[in-house]
Amino acid sequence: MFGRDKARGTTRVPAGAQGPDGADPKALSRGFGLLALLGAVLALGGLVGLVYAGVATLTSMLLFGWLLLVGGVVALLHAVQSRGTSFFWLGVVVAALNLAAGVVVIRRPDAAAETLTMFAALLFLTGGVFRLVGSVVVRGPQMAVTLLQGAFGVLLGVLVLAEWPSSSQYVIGTFFSLALLFDGLGLLATGIGARRIISLVSDGRSDGGSDGGSGRPGDAVLNTERDDRLGGGREAVQPEETVKQTQADQDQSRG
């Protein structure tokens, strides 16, 4: 059996064998399965955050404060390592600002949420105004879309500012939950789609390995096309041989 496969120049691909790049399909499928699981957890967290927007706002502020503290410590260590250079004092100032901001956010998360909500509302408002003015002045092919984005930004900024500071209790948490939800859905779709692709590729390899001893499903098609070309060449030679034979018969009859 192995001799015939070797003579044909084909290889059988066993189930679960590694691909040409050395990657195990089962390991890849398991990894994308974990990615899909992470996406499901993030999406679930986003849905819970949308329901409890106040808790999500407080959680995001505390998380932001601890990130500032960690960033300040890392920046301070980096500045200490670069002492004696021109970067030292700049690194110390940046580390001190991060540490001070982290302490303030952790001690007063409500005030930090109000400040960030005001900043976000002003950002939406100014961005929307610039989009509206730019779309009217430029009048490009995407004018309608830019006008819609600008109007939405202005409307969102006005609504947040109209309800400030009470809007700070749910605005940051809502944005944070929406980011978690969409990121989780993206990871979930990526993981499920990748697992399906790996399954299709593995099934194609296994079917190709059991199809007449050929390691690739396209070998049978290539062999058929090659036989057709060779057969066509032989058929093209037959009329010339027939003509020569007819001429030889005529010469013999004349002689």
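Worth saying up front: this structure is predicted, and the values here are computed from it rather than measured. (Residues numbered from 1 in each chain as written. Predicted model: local features only at pLDDT ≥ 70, side-chain atom pairs only at ≥ 80, totals over all residues. Heavy atoms only, no water.)

Okay, the overall build of the chain next. Per the secondary structure count, the chain includes 8 helices and 0 strands. Burial statistics for the chain: of 255 residues in total, 23% are counted as buried. In the chain, once contacts between residues fewer than 6 apart in sequence are set aside, the share between residues at least 24 apart is 77%. Accessible surface computed for the chain: about 17,400 Å², of which carbon and sulfur atoms make up 68%. (Helix = DSSP H or I, 4+ residues; strand = E, 2+ residues; numbered from the N terminus. Buried < 20%, exposed > 50% of the residue type's maximum accessible area, 1.4 Å probe, protein only. Contact = heavy atoms within 4.5 Å. Areas by Shrake-Rupley, 256 points an atom, 1.4 Å probe, with all protein chains shown as cover.)

To continue, consider the nonpolar core. Listed in full, the 6 residues of the largest apolar core are M61, L68, V105, A112, A113 and I172. Contributions of two or more residues to this core are made by helix 3 (53–81) and helix 5 (109–138). Setting aside residues no more than four positions away along its own chain, I172 makes contact with T57, S60, M61, A113, L116 and T117. (Core = buried A, V, L, I, M, F, W, Y, C linked by side-chain atoms within 4.5 Å.)

Enumeration over the complete set of coordinates arrives at 2 aromatic pairs. Judged by centre distance (5.0 Å) and plane angle (75°), the ring pair of F88 and W89 falls under edge-to-face. A relative accessible area of 63% places W89 in the exposed class. Ring plane angle 75° and centroid distance 5.6 Å describe the contact between F124 and F175, whose orientation is recorded as edge-to-face. In this pair, F124 is assigned in helix 5 and F175 in helix 7 (residues 171–209), connecting sequence segments 51 residues apart. On the basis of relative accessible area, F124 is assigned to the partly exposed category, the value being 29%. (Phe/Tyr/Trp six-rings, centres within 6.5 Å; stacked < 30°, edge-to-face > 60°.)

Moving on, we get to the packing of helix 3 against helix 4 (residues 87–107). Look at helix 3 against helix 4: their axes get within 7 Å of each other, and the N-to-C directions meet at 160°. What the angle tells us is that helix 3 and helix 4 run roughly antiparallel. Helix 4 is crossed by helix 3, and the crossing has left-handed handedness. Tallied by class, the residues present in the contact of helix 3 with helix 4 amount to 20 nonpolar, 7 polar and no charged. (Axes fitted to C-alpha atoms, helices over the stretch in contact; angles between N-to-C directions. Parallel < 35°, antiparallel > 145°, perpendicular 65-115°, else oblique. Left-handed = near helix turned anticlockwise from the far one by under 90°. Nonpolar A, V, L, I, M, F, W, Y, C, P; charged D, E, K, R; others polar.)

A few words now on the confidence of the model for the chain. The share of residues in the chain with pLDDT of 70 or more is 71%, and the mean pLDDT across the chain is 76. The secondary structure element of the chain with the lowest average pLDDT is helix 1 (residues 2–8), at 47, and the one with the highest is helix 3, at 88. Confidence drops under a pLDDT of 50 for residues 1–17, and excluding neighbours within four residues, the segment shows 15 contacts in the predicted structure. Below pLDDT 50 for its whole length, residues 232–237 participates in 0 contacts with residues either more than four positions away or in separate chains. (pLDDT = per-residue confidence, 0-100.)

In this structure, T174 sits in helix 7. Considered as a pair, T174 and G46 are 128 residues apart in the sequence and their alpha carbons are 8.7 Å apart. Excluding anything up to four places from it in sequence, T174 contacts L50 and A53. Engagement of the side chain of T174 in a polar contact is seen with the backbone oxygen of Y170, the distance being 2.5 Å. (Polar contact = N/O pair within 3.5 Å; in protein donor to acceptor, adjacent residues only side chain to side chain.)

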